[in-house]
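Here is how the chains run, residue by residue.
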Amino acid sequence: MRKTFAQDDCLRRSFGANAQPLGTVRAMGNREKLLEAARQCLFTKGYERTTVRDLASAAGVSMAAIGYHFGSKEALLNQVLFEALDSGDQVFGPSMNAADLGALWRRLIEAFSVNKTFWIANLETVLRAQRDPELREQVAAGLRQGRSGMTREVTGTAETELSEAMIRTLGSVQLALVSGLMIQHLTDPESAPTADEVLAGLRALATYLPEEG
């Protein structure tokens, strides 16, 4: 039973307080049932292993309902994935003080461990996007939003008040660091850097920056 409770907690942390316990779907319309089922399947099975039958069974609807409401299994899973990424607090946890980069990195690293299946699904989406122009544009839009969100996380400034230059520089670098760190923690968590090591590495890297010209 402990595993089930742990998975339920991870699901709530990934998709917010409205996420339902695994294996349950609230009384709702078929479209909402499928969205809830997709959240559960994405967390427990991942993107590639989730089948149409899995989604229909979890939602308690016919397999044809997926095509009727979303067009395809992929479209349904993509919607759920991008919704989760858009709500950064639900994926990474509540924001911390902007000045405390150590706390920010610890929060990010914890998210990679707690929500491992979700982040693997995120990587799978990036790979699939290389073969799907429509999905690639969705991923590209997500990256643009991600730069802005990362800038907000670091500076504590509302996204509407951020300059394009700040997003293009600080946001892009922070997003690149997060992506690289995610891959390390998913692939080799035992030797992946800690938050303190990330900060030490940034300080060391800064000493090699050329003078602004």
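Residues numbered from 1 in each chain as written. Predicted model: local features only at pLDDT ≥ 70, side-chain atom pairs only at ≥ 80, totals over all residues. Heavy atoms only, no water.

1. A word on the pattern of salt bridges
So the rule is basically this: What counts as a salt bridge is simple: a side-chain nitrogen of Lys or Arg found within 4 Å of a carboxyl oxygen of Asp or Glu. Here a strand is any run of E in DSSP of at least two residues, a helix any run of H or I of at least four, and the numbering for each starts at the N terminus. Each residue's exposure class comes from its accessible area (1.4 Å probe, protein chains only) as a fraction of the maximum for that residue type: buried when under 20%, exposed when over 50%, partly exposed otherwise.
Under the criterion given, the structure shown has 9 salt bridges. Between Glu 83 and Arg 39 there is a salt bridge, and its shortest N-O distance comes to 3.5 Å. Linking Glu 83 in helix α5 (residues 73-86) with Arg 39 in helix α2 (residues 30-44), this pair joins segments that are 44 residues apart in sequence. Of the residues examined, Arg 39 reaches a relative accessible area of 19% and is grouped as buried. Among the ionic pairs, Glu 153 bridges to Arg 107, the shortest N-O distance being 2.5 Å. Here Arg 107 lies in helix α7 (residues 101-114) and Glu 153 lies in helix α9 (residues 133-155), a separation of 46 residues in the sequence. For the pair formed by Glu 153 and Arg 107, the shared burial category is buried.

2. Some details on the packing of α2 against helix α3 (residues 52-59)
Each pair of packed helices can be summarised by the angle the axes make with each other and by the distance between the axes. The criterion, for reference: With axes taken as lines fitted to C-alpha atoms, and helix axes fitted only over the stretch in contact, angles between N-to-C directions fall between 0 and 180 degrees. By definition in this entry, angles of less than 35 degrees are roughly parallel, angles greater than 145 are roughly antiparallel, angles of 65 to 115 are roughly perpendicular, and the rest are oblique. For a crossing to be left-handed, the near helix must be turned anticlockwise from the far one by less than a right angle; the clockwise case is right-handed. Residues count as neighbours in contact if any of their non-hydrogen atoms are within 4.5 Å of one another. Note on residue classes: Ala, Val, Leu, Ile, Met, Phe, Trp, Tyr, Cys and Pro are nonpolar, Asp, Glu, Lys and Arg are charged, and everything else, Gly too, is polar.
Where α2 meets α3, the closest approach of the two axes is 8 Å, and the angle between their N-to-C directions is 120 degrees. For the element pair α2 / α3, the angle class is oblique. Every pair of crossing elements has a handedness; the one defined by α2 and α3 is right-handed. Contacts from Lys 33, Leu 34, Ala 37, Ala 38 and Cys 41 of α2 reach α3 at Asp 54, Leu 55, Ala 58 and Ala 59. Residues belonging to the contact of α2 with α3 are distributed by class as follows: 7 nonpolar, no polar and 2 charged.

3. Regarding helix α8 (residues 116-129)
Rules: Here the expected length of a helix is defined as 1.5 Å per residue gap, with one fewer gap than residues.
Over its 14 residues, α8 runs 20 Å from end to end, which matches the ideal 20 Å to within 8%, given 1.5 Å per residue. Along α8, the residues classified as buried are Phe 118, Trp 119, Ala 121, Asn 122, Glu 124, Thr 125, Arg 128 and Ala 129.

4. Observations regarding the side chain of Ser 148
Tracing the backbone through its elements, the reader meets Ser 148 in helix α9. Residues within four places of Ser 148 in sequence aside, it is in contact with Glu 159, Leu 162 and Ile 167.

5. Observations concerning α9
Formally: Polar contacts, as counted here, are pairs of nitrogen or oxygen atoms within 3.5 Å of one another; within protein the pair requires one atom able to donate a hydrogen and one able to accept it, and residues that are adjacent in sequence qualify only if both atoms are side-chain atoms.
With 23 residues, α9 extends 33 Å from end C-alpha to end C-alpha; this agrees with the ideal 33 Å at 1.5 Å per step. All of the buried residues along α9 are Leu 135, Val 139, Ser 148, Gly 149, Met 150, Thr 151, Glu 153 and Val 154. For α9, the N-terminal capping position is held by Asp 132, with its side-chain oxygen 3.1 Å away from the main-chain nitrogen of Glu 134. The first or second residue beyond α9 is Gly 156, which carries a positive phi of 75 degrees.

6. Quick notes on the confidence of the model for the chain
To keep it simple, the criterion reads: Looking at any residue, its pLDDT shows the predictor's confidence there, from 0 to 100.
Overall, the prediction assigns the chain a mean pLDDT of 82, with 80% of residues at 70 or greater. Taken as a whole, residues 1-26 scores under 50 in pLDDT and shows 51 contacts with residues more than four places along the chain or in a different chain.

7. Topic: the environment of Ala 103
Positionally, Ala 103 belongs in helix α7. For Ala 103, a relative accessible area of 10% translates into the label buried. Taking the C-alpha atoms as reference points, Ala 103 and Asp 196, 93 residues apart in sequence, are found 9.6 Å from one another.

8. Focus on the packing of α9 against helix α10 (residues 164-187)
Viewed as axis vectors pointing N to C, α9 and α10 meet at an angle of 95 degrees, and their least axial separation amounts to 8 Å. Taken together, the axes of α9 and α10 are roughly perpendicular relative to one another. Counted together, Leu 143, Gly 146, Arg 147, Ser 148, Met 150, Thr 151, Val 154 and Thr 155 of α9 and Met 166, Ile 167, Arg 168, Leu 170, Gly 171, Ser 172, Gln 174, Leu 175 and Val 178 of α10 form the full contact between these two elements. Here the residues of the contact of α9 with α10 are counted per class, giving 8 nonpolar, 7 polar and 2 charged.

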